[in-house]
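Structural overview for review
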Amino acid sequence: MRDSTADSSGTASDDFGYQGKRLGLPEDGPNSLAPTGRRLLALLIDWLLCYVIAFAFIGRGDLNATGTNIGTLAVFAAENLLLVSTLGYTVGKRFLGLRVVSVTQPHLTPLAVVVRTLLLCLVLPAAVYDRDGRGFHDKAVGTAVVRA
C-alpha cells in the first residue's frame, strides 16, 4: 500500500505549504489569511454590538424578550450585509484589522455577500472549515477573511 503523502518518487511531499498558499495569498502580512482567534474575536465584538442594539431598540430593555434574541440575529445579518458589501468589513473586523475579500473574483459580489451572510447566520456552516481555516460560508462563495 502506498503512502498518500508520498509523490511518484516515493518521497514525502508538502503540497499544503501554509494556510492561504492554495488561494494565492501571502504567508504573512497584509492580505494573508486572518488567524482564527482574531476572526472569532471580531465575531464576538460584532455579536455584542448587535445584541446591545437589539436590546435597546427591539427588545425594549428586556434581556429575555424574543425581540432581543431574534433581533440580535437580524441586526447581525443587516450589519454583515450592509458593511461587508460596501466596505468589505464589519465593525469587529475593522477594529481588529481584518476584511473580507473574494479569492475567485476581483471584487466581492452582492450575491456572494448575501449567501455568505445567510450561511454565517446558520452558524453550522461557519463552524465547518477547511485546512486553510476558511469556514464553509467563505468557501461556498469564494471569499476569505484576511489581514487588512
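Structure's up top.
Here's a quick rundown of the structure.

Calculation criteria
- Residues numbered from 1 in each chain as written.
- Predicted model: local features only at pLDDT ≥ 70, side-chain atom pairs only at ≥ 80, totals over all residues.
- Heavy atoms only, no water.
- Helix = DSSP H or I, 4+ residues; strand = E, 2+ residues; numbered from the N terminus.
- Buried < 20%, exposed > 50% of the residue type's maximum accessible area, 1.4 Å probe, protein only.
- Contact = heavy atoms within 4.5 Å.
- Patch = residues over 30% accessible without salt bridge, like charges linked within 9 Å, V, L, I, M, F, W, Y side chains within 5 Å.
- Areas by Shrake-Rupley, 256 points an atom, 1.4 Å probe, with all protein chains shown as cover.
- Salt bridge = Lys/Arg side-chain N within 4 Å of Asp/Glu carboxyl O.

All right, on to the side chain of T72 then. Tracing the backbone shows T72 in helix α2 (residues 66-86). Relative accessible area serves as the criterion here: at 1%, T72 is assigned to the buried category. In contact with T72, other than residues within four places in its own chain, are W47, C50, Y51, A54 and G67.

This part covers a nonpolar patch on the surface. Judged by side-chain polarity, L49, I53, F57, I58 and V91 come together as a nonpolar surface patch covering roughly 440 Å² of accessible area. Broken down by element, the nonpolar patch gets its largest block of residues, 4 residues, from helix α1 (residues 36-58). Note that F57 resides in helix α1. According to the relative accessible area criterion, F57 is exposed, its value standing at 66%.

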